[in-house]
Amino acid sequence: MAKLFRAVIMGPPGSGKGTISERIAQRFGLTRLSSGDFIRENIAANTDAGVLAKTYIERGLLVPDHVMTRLLLPRLEEMTRHSWLMDGFPRTLAQAEALNSTCDLDLVISLNIPYETLKERLSDRWIHPASGRVYNMGFNPPHVQGRDDISGEPLIQHDDDKPEALVARLRHYKDVAKPIIDLYKSKGILHTFSGTETDRIWPYINSLLSTKIPSTSQTDTQCIPMP
Ligand code: G5P
Ligand code: MG
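Residues numbered from 1 in each chain as written. Chains lettered and ligands numbered in written order. Predicted model: local features only at pLDDT ≥ 70, side-chain atom pairs only at ≥ 80, totals over all residues. Heavy atoms only, no water.

In the nomenclature of an unreviewed UniProt entry, the protein chain corresponds to Adenylate kinase 4, mitochondrial from the organism Salmo trutta. For the record of the protein chain, the UniProt heading Subunit (unreviewed entry) holds the text "Monomer." (UniProt positions renumbered as here; feature names shortened; annotations may be inferred.)

Okay, structure coming up:
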């Protein structure tokens, strides 16, 4: 029985986790799970967890660990037979330990992007709230300025992408991520990629994964559900 492949992508806000994990999912056939998307889906559906999470996101804060676990648990339970790539979880040591006690990760990608680059990218980011489609006025602008390509509806800027919230979010990431990075380094599964452009980092990630991902990654090995 071929082994399943489980990976995590970490990085500060705007580091390209979403962009790169989409590419990985397409290229290697992994299922992409995004903690930020789960939260936004729950906010849109007005679930209890979503209502609570919104109060943190609006202030540029991390959602508490117990809320994150409650949101992600059902998704991971659905994924016991699939290889996956998790974008944005774990974000705290407690989350890393929870994940550790449920699954063995094969690989962790950490994106190391300069602070000034992150600031520029995020202040240029616009979102279509109904679908979660993300645009960047320089990197991937919409066809019509200020409008979603598919629906034509107006784009908005997240409150936590506005300059005043950004500095605090980026500083906070460094402090919280350090022990997680140390943990994965000690396990020998951490791979760090540095640079200012996603398109230049991507070939390195692509070749690393080409050597790691088994050709038959979708099998029926079990992952123990989170407690
Ligand atoms: P999210 O949704 O995980 P963030 O803030 O961590 O949000 P974000 O903003 O989604 O991360 P990203 O996915 O790392 O950034 O990056 P991206 O979206 O691919 O790229 C950012 C922008 O830059 C895009 O516009 C993209 O087009 C552009 N871009 C990419 N590459 C390049 C490039 O080479 N050049 C240029 N010019 N542009 C480029 O989480 C949201 C919130 O949910 C909560 C937190 O409150 C979080 O802030 N949350 C959690 N809380 C607790 N625990 C968890 N596990 C949580 N997960 C989420
Ligand atoms: Mg993202």
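Enquirer: Any chance you could explain the overall build of the protein chain here in plain terms?
Expert: Secondary structure summary: the protein chain contains eight helices and seven strands in total. Since a compact globule built from 227 residues should have a radius of gyration of about 17 Å, the 17 Å found for the protein chain is in line with a globular shape. A principal-axis box enclosing the C-alpha atoms of the protein chain has dimensions of 50 × 40 × 35 Å. Scored against the burial criterion, the 227 residues of the protein chain give a buried share of 44%. Sequence separation of at least 24 residues holds for 75% of the intrachain contacts in the protein chain that already meet a minimum separation of 6. Accessible surface, the protein chain as shown: approximately 11,800 Å² in total, 53% of it carbon and sulfur. (Helix = DSSP H or I, 4+ residues; strand = E, 2+ residues; numbered from the N terminus. Rg over C-alpha atoms; globule rule 2.2 N^0.38 Å. Buried < 20%, exposed > 50% of the residue type's maximum accessible area, 1.4 Å probe, protein only. Contact = heavy atoms within 4.5 Å. Areas by Shrake-Rupley, 256 points an atom, 1.4 Å probe, with all protein chains shown as cover.)

Enquirer: Sorry, what's going on with the side chain of Ser35 here?
Expert: By secondary structure assignment, the location of Ser35 is in helix H2 (residues 35-44). What makes Ser35 buried here is its relative accessible area of 2%. A distance of 2.9 Å separates a polar atom in the side chain of Ser35 from the backbone oxygen of Gly88. (Polar contact = N/O pair within 3.5 Å; in protein donor to acceptor, adjacent residues only side chain to side chain.)

Enquirer: What is the right way to read the site of ligand 1 from this model?
Expert: Inspection of the region around ligand 1 gives 31 residues, with Thr19, Arg91, Arg125, Arg169 and Thr198 positioned closest. One of the side-chain nitrogen or oxygen atoms of Arg40 is found 2.9 Å away from an oxygen atom of ligand 1. The separation between a nitrogen atom of ligand 1 and a polar main-chain atom of Gly88 is 2.9 Å. Protein chains shield 91% of the accessible area of ligand 1, which is 1,000 Å² for the free molecule. Those elements that provide at least two residues to the shell around ligand 1 are helix H1 (17-28), H2 and strand E6 (133-136). With four residues, the single largest contributor to the shell around ligand 1 is H2. Split into classes, the residues belonging to the shell around ligand 1 amount to 12 nonpolar, 12 polar and seven charged. (Near = heavy atom within 4 Å. Nonpolar A, V, L, I, M, F, W, Y, C, P; charged D, E, K, R; others polar.)

Enquirer: Please explain the packing of helix H6 (residues 115-123) against helix H7 (residues 163-186) as it appears in this structure.
Expert: If you want to describe how two helices pack, look at the angle between their axes and the distance between the axes. Viewed as axis vectors pointing N to C, H6 and H7 meet at an angle of 140°, and their least axial separation amounts to 11 Å. With respect to H7, the axis of H6 lies oblique. In this structure, H6 crosses over H7, and the sense of that crossing is right-handed. Residues Tyr115, Leu118, Lys119, Leu122 and Ser123 of H6 pack against Leu166, Val167, Arg169 and Leu170 of H7. A per-class count over the contact of H6 with H7 returns six nonpolar, one polar and two charged. (Axes fitted to C-alpha atoms, helices over the stretch in contact; angles between N-to-C directions. Parallel < 35°, antiparallel > 145°, perpendicular 65-115°, else oblique. Left-handed = near helix turned anticlockwise from the far one by under 90°.)

Enquirer: So what exactly am I meant to see when it comes to the pairing of strand E3 (residues 84-87) here?
Expert: When a strand is regular, its side chains alternate between the sheet's two faces. Alternating positions in E3 separate into two faces, Trp84 and Met86 on one and Leu85 and Asp87 on the other, with burial throughout. The sheet contact formed by strand E1 (residues 6-10) and E3 spans four bridges and is parallel. The residue bridging Ile9 from the neighbouring strand is Asp87, located in E3. Here strand E2 (residues 31-34) runs beside E3; their pairing, made up of four bridges, is parallel. Bridge pairing in E3 links Thr31 to Trp84. (Pairing = 2+ DSSP bridges.)

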